[in-house]
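Results of the structural survey
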Amino acid sequence: MGPYSPAFRHVFAHLGWEVLVPERPTQDTLSLGFKNAPEFFCAPFKTTLGTYIEALEAGAEVLVTTGGVGPCRAGHYAQVQAEILRRKGYQFEMVVFEPIARDPLGLLRNVRRLNRNRTSIPRLVSLVKEALQKLACIDQFGEELRRLRPRELRPGQAEAVYDQVVQALDAAESRADIERVRRQGLEAFRAVPNDPDRPILKVGIVGEIYVVLEPASNLGIEKMLGEMGVEVHPSITLSGWTAENVVTEVGNSAKRAAAPYLGALIGGHGQESVGNAVLFARRGFDGLVQLAPFTCIPEIVARGVLPAVSRDLDLPFISFFLDEQTGEAGARTRVEAFVDMLWQRRRAKEGAV
Amino acid sequence: MRVGLPRTLWYFTYAAFWRTFFTGLGAEVVTSPPTTRQTLDSGIAACVSEACLPLKIYFGHVIELADRVDRLFVPRLVSVDGRRVFCPKFLGLPDLVRHSGLKLPPLLDVTIDRRRGPLFLWRACRHLGQSLGASSPRIVRAFLAASRAQRAHTARLAAGALPAGATPPSWPRGRLTAEANPPIRVALLGYPYLIFDEYVNLGLLKKLRALNVEYRTVETVPERLLRKQNRFFQKRPFWRYSDLVARAGYHFLGPGWSEVDGVVHVTAFACGPDALVDKLLELEGERKQRPYLNITLDEQSGEAGYVTRLEAFVDTVRRRVVTGSG
């Protein structure tokens, strides 16, 4: 999912596996998934299904994924996907990581199963730490990229630096290595010629985690916005999410901020979407983009209350419910219109001051 | 004081309780009329366009009630058994209605959640009663009467009766003759707000009768039999109604097969949980080599398409029964 493969590859390579990290999902991946999944499953289900098929075709024997306890449907996906794939005649094993608190024994079982090299426990712990460090590092690079995109003098330069440093990170072995790559990476970003004083818009992104993080399933909307002179702030990053959800349950400021509008945990990221919208508004953002897979009920509920947030806190928003039918050109037109409108509002405000 | 109950979603399961409760408190209970094209159209206009069909219909019913009542009862239905929760739209219902921008009477909003303790329902009722200014003894009496009414209602459903408020299917004309078309039995699975709403399902119950088909709903399966169905791969569905439908499906496709000749699963357009349950049941039907049909209801309401599929399915099942290959 998204640009995070170096972190996961790191752990599994050290456990003694040959890691097949699938290519980033392409149109072919999506078609494979869409062809084999039931119609009303969401885009993340279909995209990951397509990815599994590609991986199995490339010779994968074990699929590793995560579970969950809902109320989002994704908690059931691994089981259903495995069943669909077996029906197609693939032979494989699927290892599903459930939340630790719900199933501690399952975690141990999974670790034993995957620990091919009989790596020692302390080494395992340090592997996980290294992976988390890589995650945090990738997110930091992403932040730099999103800051530079609207400001760089030659379009595309920050993107090139980003691809380079993420690749360098993949090769980093020890914690010191990772730290060195991180510092060099930040250095490289600083060297990108840019105009820090250029007026830019700030737009927050909320929504369901998979479509927010995976550019292939959100039409590269971050890049699209960046190139239109918008600094993009996603409300979810994988390192942040891991810290919140693996260790503790969601109990963050977003939840408190959502309370006046959405009084219950509705599953998925619905509540966070609303809460983060409120937080973005308080931080003076110019606009908000909601990204969700088609038929994602938590996000539909969020979409239902966002107009109230928007009205109360004067934060314009635009929603994208993404499926295989969503075309890039159509989305671009809507995004352009949205950005134009934000600029007009900005100018009107400045005129008023 | 007039309290409005929208005739959809949980209505067919729990209306007996809430009607009796509010009446016991001295309120007049107003139910929205059965779904019509107009209900659906006004719901579609008022609701998020990406929403599932049942949510749009719910909004239609809310609009029907808007100028007829003093309070609109929109509970946050979270969990009644402490384990399964209702689907996210039930969980966000008061928020969705409150922030819809519609001009509505004040909401009677209370959270129903078994995980808050065994007295969850009584606490919710006390809260409601107090907010309506009723005295404590009166609330207790209303609560007890409502509990009795609910038990009776559940028993009626279990016996195969239609819930109060559902349109009774009139005996259709042009019924097939029993000699040429011996009666068959199907399990009719689906959420109560699809099965018992004649407009939404395009008169499905009536059509089944016309085809000489008897049906068994989810509600007619005793709970102890449902509880036995525990083999959803490794995990049970998280949502209450979906869990019941999936269990009933496994029951009828498995140990309960002697009671039916085929299984029909009625789902709603863009319903997330349904997609999951449907896939599970479809796989189970395939594995057991037993006839399984999915019917998806949508807001376009074109009945020709589904009638053809239903008739073909019924023919197939009947042939299996007649030739004894079931």
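Residues numbered from 1 in each chain as written. Chains lettered and ligands numbered in written order. Predicted model: local features only at pLDDT ≥ 70, side-chain atom pairs only at ≥ 80, totals over all residues.

**Quick notes on unusual backbone geometry**
Residue and element names in this part refer to chain B. Residues other than glycine seldom take positive phi values, yet leucine 9 does so here, at roughly 50°. In this fold, leucine 9 is placed in the loop between strand E1 (2-5) and helix H1 (11-24). With phi around 65°, asparagine 212 is a residue other than glycine that occupies positive phi space. Examined against the element boundaries, asparagine 212 turns out to sit in the loop between helix H9 (204-210) and strand E8 (213-217). (Helix = DSSP H or I, 4+ residues; strand = E, 2+ residues; numbered from the N terminus.)

**A few points about the interface of chain A and chain B**
Contacts between the two partners involve 31 residues from chain A, matched on the other side by 31 residues from chain B. For the side of chain A that touches chain B, the secondary structure elements donating two or more residues are helix H4 (77-87) and helix H14 (297-313) of chain A. The dominant element in the side of chain A that touches chain B, judged by the number of residues it contributes, is H14(A), at 9 residues. The residue inventory of the side of chain A that touches chain B, partitioned by class, reads 19 nonpolar, 9 polar and 3 charged. (Contact = placed C-beta atoms within 7 Å. Nonpolar A, V, L, I, M, F, W, Y, C, P; charged D, E, K, R; others polar.)

**A short note on the domain arrangement of chain B**
Residues and elements named next belong to chain B. Taken domain by domain, chain B comprises domain 1 (2-158) and domain 2 (184-323). Of note, the centres of domain 1 and domain 2, computed from C-alpha atoms alone, are 26 Å apart. Of all the secondary structure elements, the ones that give two or more residues to the side of domain 1 that touches domain 2 are H1, helix H2 (37-46), helix H3 (53-65) and helix H7 (136-158). It is H3 that contributes the most residues to the side of domain 1 that touches domain 2, 4 residues altogether. Of the residues that constitute the side of domain 1 that touches domain 2, the class distribution is 15 nonpolar, 4 polar and 2 charged. (Domains from an automatic or database assignment.)

**A word on helix H8 (residues 175-190) of chain A**
All names here are of chain A. Between its terminal C-alpha atoms H8 stretches 23 Å, which fits the 22 Å expected from 16 residues at 1.5 Å a residue. When H8 is considered as a whole, its buried residues turn out to be Ile178, Val181, Arg182, Gly185 and Phe189. In an axial view of H8, the angular spread of the buried residues amounts to 105°, which keeps them on one side of the axis. Turned more than 90 degrees away from the buried face of H8, the exposed residues are Ala176, Arg183, Glu187 and Arg190. Taken together, the buried residues of H8 touch helix H6 (121-148) and helix H7 (157-171). (Expected span 1.5 Å × (residues − 1). Buried ≥ 20, exposed ≤ 12 C-beta atoms within 10 Å, placed from the backbone. Arc of directions from axis to C-beta.)

**Let's talk about the confidence of the model for chain B**
Confidence in the prediction of chain B, expressed as mean pLDDT, is 87, and 92% of residues score 70 or more. Taken over the whole predicted complex, pTM reads 0.85, whereas the ipTM for its chain interfaces reads 0.80. (pLDDT = per-residue confidence, 0-100.)

**Brief notes about the nonpolar core**
Across soluble globular proteins, you tend to see nonpolar side chains buried next to one another. Ranked by internal contacts, the top residues of the largest apolar core, which has 192 residues, are Val274(A) and Ala277(A). Looking at this core, the element that brings in the most residues is H1(B), giving 9 residues. Residues within four places of Val274(A) in sequence aside, it is in contact with Ala258(A), Tyr261(A), Leu262(A), Ala302(A), Val305(A), Leu306(A) and Val309(A). (Core = buried A, V, L, I, M, F, W, Y, C linked by C-beta atoms within 7 Å.)

**Points about the sheet that holds E8(B)**
Residues and elements named next belong to chain B. Ordered by their spatial adjacency, 4 strands build an open sheet running E8-E7-E9-E10, and the pairing between neighbours is parallel. Unpaired on one side and paired on the other, E8 and strand E10 (292-297) mark the two borders of the sheet. Across this sheet, the average inter-strand angle for adjacent strands is 30°, counted without regard to direction. Relative to E8, strand E7 (residues 184-189) is paired through 5 bridges, and the arrangement is parallel. Looking at the pairing, leucine 188 lines up with threonine 217 of E8. (Pairing = 2+ DSSP bridges. Axes fitted to C-alpha atoms, helices over the stretch in contact; angles between N-to-C directions.)

**A few points about the domain arrangement of chain A**
Residue and element names in this part refer to chain A. According to the domain assignment, chain A consists of domain 1 (18-115), domain 2 (120-199) and domain 3 (200-353). Domain 2 and domain 3 are separated by 24 Å when their C-alpha centres are compared. Each partner contributes residues to the interface: domain 2 has 12 residues there, and domain 3 has 12 residues. Residue composition of the side of domain 2 that touches domain 3, grouped by class: 6 nonpolar, no polar and 6 charged.

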